[in-house]
Amino acid sequence: MRYNLSELTLLRCSNCGSDLGGLSTDVIFYCSECGKCWISDERLSPVDIEFVRVGGSDSILLPFWKVDASVTMQDRISRRESSASGAAGFREFTGREMGLTESDSGSRKVRFVFPAFSTNLILSTGVRMHRENFLPEKTEHGKRFRVIGGSVGKDDAELLARAVAVGVEVNRTDYLASVDLEIEVHSACIYAIGCTTHNNVIRINGSKIGILMAAINDCDEMLKQNQVFPG
Ligand SMILES: [Zn+2]
């Protein structure tokens, strides 16, 4: 019988040697003993973690990716309004006459925040969080939190940031005909964001953004984990 080696490896914090508990799908681990956060790839690599809207004792801390990137619009063609003038057709209309405009060339810096755990609506959540102003909190020296593990790795986070960037463009109010953008990721770190559960929804403290528990894969196991290791 063959064993999957990764299932047999007990993960220990590379800094202090404490056990890092988590679900079998987890790749992001926070060591509540020494406060270091790790990503498990082929080995454990450190990743920065910041705390946001921690809240009170009824809060749980969920991991999100914070990705800072430059987004360069290669081509964005939008249709301002539907063009009903086609009936006159003796000549070819130019794109501008048909309501097509090209805009937004150049690069801008954008911060994306989206769940680092698996959901079936990660993109729409990322789009909604995109405009939220999350400022990290100063954590009291020596105060350790319990942070639930995450299952979205760094490579996937960079792919998702691109998908959220496209989603942000698509969600703008004009009639989008096509979008082609490039994204260059400058930094990616973990935000541990305080959330409160209420009526089958996990709501981010101090915001209107909520994630239906039913949309979170392994939600029961994630929350149980938090009860087993109280913060
Ligand atoms: Zn540690």
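Residues numbered from 1 in each chain as written. Predicted model: local features only at pLDDT ≥ 70, side-chain atom pairs only at ≥ 80, totals over all residues. Heavy atoms only, no water.

Visitor: Break down the overall build of the protein chain for me, with residues and values.
Guide: Regarding its fold elements, the protein chain presents four helices and 10 strands. The order of helices and strands in the protein chain, counted from the N terminus, is α-β-β-β-β-β-β-β-α-α-β-β-β-α. In the protein chain, which comprises 231 residues, the share counted as buried stands at 41%. Roughly 13,700 Å² of accessible area belongs to the protein chain as shown, and the carbon and sulfur atoms make up 48% of that amount. (Helix = DSSP H or I, 4+ residues; strand = E, 2+ residues; numbered from the N terminus. Buried < 20%, exposed > 50% of the residue type's maximum accessible area, 1.4 Å probe, protein only. Areas by Shrake-Rupley, 256 points an atom, 1.4 Å probe, with all protein chains shown as cover.)

Visitor: Can you lay out the nonpolar core for me, pointing to particular residues and giving the numbers?
Guide: Judged by nonpolar contacts, the single largest core of 34 residues is most densely connected at I28, I49, F51, W65, F112 and F114. Of all elements in the fold, only β1 (28-30), β2 (37-40), β4 (49-52), β5 (60-79), β7 (106-115), α2 (122-130), α3 (154-170) and β8 (175-198) reach the threshold of two or more residues within this core. Excluding residues that lie within four positions of it along the chain, F51 makes contacts with Y30, L61, P136, E137, T139, F145, V147 and A192. Listed in part, the 21 residues of the second largest apolar core include L62, V113, I204 and I211. (Core = buried A, V, L, I, M, F, W, Y, C linked by side-chain atoms within 4.5 Å. Contact = heavy atoms within 4.5 Å.)

Visitor: Which residues make up the coordination of the zinc ion, and what values do they have?
Guide: Protein coordination of the zinc ion is provided by C13 (SG), C16 (SG), C31 (SG) and C34 (SG), with donor distances spanning 2.3 Å. Around the zinc ion, the four donor atoms are arranged such that angles at the metal cover 104 to 115°; this shape is classified as tetrahedral. All donors to the zinc ion come from one chain, and their sequence spacing reads C-x2-C-x14-C-x2-C. Judged by relative accessible area, C13 falls into the buried class, the value being 3%. (Donors = N, O, S within 2.8 Å, 3.2 Å for Na, K, Ca; no water. Tetrahedral: all angles 85-135°; square planar, octahedral: opposite > 155°, others 65-115°.)

Visitor: Report on the pattern of salt bridges, specifying residues and quantitative values.
Guide: A full pass over the atoms with the stated rule returns five salt bridges. Note that R12 and D19 form a salt bridge whose closest N and O atoms lie 2.7 Å from each other. By relative accessible area, which is 48% here, D19 ends up partly exposed. A salt bridge links E169 to R108; its shortest N-O distance comes to 2.6 Å. (Salt bridge = Lys/Arg side-chain N within 4 Å of Asp/Glu carboxyl O.)

Visitor: So what's going on with the side chain of E169? Which residues, and what values?
Guide: Along the chain, the position of E169 falls in helix α3. Taking the relative accessible area as the measure of exposure, E169 reaches 2% and is therefore buried. Polar side-chain contacts of E169 include one of 2.6 Å to the side chain of R108. (Polar contact = N/O pair within 3.5 Å; in protein donor to acceptor, adjacent residues only side chain to side chain.)

Visitor: Would you mind going over the sheet that holds β2 in detail, with residue names and values included?
Guide: Strand pairs in the sheet, formed through backbone hydrogen bonds, run parallel or antiparallel to each other. Read from one edge to the other, the open sheet built from three strands follows the order β1-β2-β3, with strand pairing classed as antiparallel. Every interior strand has two partners, whereas the edge strands, β1 and β3 (44-47), have only one. Looking at each pair of strands side by side, their axes are set apart by 35° on average, direction ignored. In this structure, β1 lies alongside β2, joined through three bridges in antiparallel fashion. Following the sheet pairing, F29 is matched in β2 by W38. (Pairing = 2+ DSSP bridges. Axes fitted to C-alpha atoms, helices over the stretch in contact; angles between N-to-C directions.)

Visitor: Tell me about a negative patch on the surface, and please be specific about residues and values.
Guide: On the surface, D41, E42, D155, D156 and E158 cluster together to form a negatively charged patch. Along the chain, the position of D155 falls in helix α3. We classify D155 as exposed; its relative accessible area is 59%. (Patch = residues over 30% accessible without salt bridge, like charges linked within 9 Å, V, L, I, M, F, W, Y side chains within 5 Å. Lys, Arg positive; Asp, Glu negative; His and termini not counted. Charge placed at Lys NZ, Arg CZ, Asp CG, Glu CD.)

Visitor: So what's going on with the confidence of the model for the protein chain? Residues and values would help.
Guide: Per-residue confidence for the protein chain averages 83 on the pLDDT scale, and 81% of its residues sit at or above 70. In the model, residues 85-89 has pLDDT below 50 throughout and makes two contacts with residues more than four positions away in sequence or in other chains. (pLDDT = per-residue confidence, 0-100.)

Visitor: Describe the pairing of β2, with residues and values.
Guide: Counting the residues that bridge the hairpin from β1 to β2 gives six residues, and of these G35 lies at a positive phi of roughly 85°. Connecting β2 to the next strand, β3, in antiparallel fashion are three residues.

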